[in-house]
Amino acid sequence: QTGGVNTPNQFFDDVYSVTGNASVTNGRGITRTANILEALQKKYACRHIDKGRVKFDAPNHFAILDYGDGECNNTATISINGRPPRTIILP
């Protein structure tokens, strides 16, 4: 928790930060990984992650998902194989 620690009875000022990585290997032995490049930030008051970047690697391609700069909204951008980023709408 990176925000709202000093106000335990007020949840709307809480902010959480996540770092790390993960990998998964399917039944055919193909591995995909996810590495958080910039800590993901989730404000309690926001529905979606509002800041941070994740890189997804697969054997033949990669993608970078960018959640933005901290603005509370439902958009992110994705860049696949270094191409210009495209805006996506988060569900």
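For the structure itself, look to the data block above.
Residues numbered from 1 in each chain as written. Predicted model: local features only at pLDDT ≥ 70, side-chain atom pairs only at ≥ 80, totals over all residues. Heavy atoms only, no water.

A.B. asks: Sorry, what's going on with the nonpolar core here?
C.D. replies: Here is a general trend for soluble globular proteins: nonpolar side chains tend to be buried in one another's company. Counting residues in hydrophobic clusters, the biggest one holds nine residues: A34, L40, V54, A63, L65, Y67, A76, I78 and L90. Breaking this core down by element, the ones donating at least two residues are β3 (31-43), β5 (62-69) and β6 (75-80). If you tally residues by element for this core, the top one is β5, at three residues. Leaving out residues up to four positions away in the same chain, L65 has contacts with G52, R53, V54, F56, A76, T77, I78 and I88. (Core = buried A, V, L, I, M, F, W, Y, C linked by side-chain atoms within 4.5 Å. Buried < 20%, exposed > 50% of the residue type's maximum accessible area, 1.4 Å probe, protein only. Helix = DSSP H or I, 4+ residues; strand = E, 2+ residues; numbered from the N terminus. Contact = heavy atoms within 4.5 Å.)

A.B. asks: How should the packing of aromatic side chains be read in this particular structure?
C.D. replies: For any pair of aromatic rings, the description rests on two quantities: the centre-to-centre distance and the angle between the ring planes. This model, assessed by the stated rule, comprises two aromatic pairs. Ring centres 5.3 Å apart and planes at 80 degrees place the aromatic pair F12 and Y44 in the edge-to-face group. Of this pair, F12 sits in the segment before β1 (15-18) while Y44 sits in the loop between β3 and β4 (51-57), placing them 32 residues apart in sequence. By relative accessible area, which is 65% here, F12 ends up exposed. Judged by its relative accessible area of 41%, Y44 is partly exposed. These aromatic residues form a ring-pair network of at least three members: F11, F12 and Y44. K55 extends its terminal NZ or CZ atom over the ring of F62, reaching a point 4.8 Å from the ring centre. (Phe/Tyr/Trp six-rings, centres within 6.5 Å; stacked < 30°, edge-to-face > 60°. Lys NZ or Arg CZ within 6 Å of the ring centre and 35° of its normal.)

A.B. asks: Would you mind going over the pattern of salt bridges with me for this structure?
C.D. replies: Note that side chains of opposite charge can pair when their charged atoms are close. For the structure shown, the criterion picks out two salt bridges. Where D50 meets K43, a salt bridge forms, and the shortest distance between an N and an O atom there is 3.9 Å. Look at D50 and you get buried, because its relative accessible area is 0%. Between D57 and K55 there is a salt bridge, with its nearest N and O atoms 3.8 Å apart. (Salt bridge = Lys/Arg side-chain N within 4 Å of Asp/Glu carboxyl O.)

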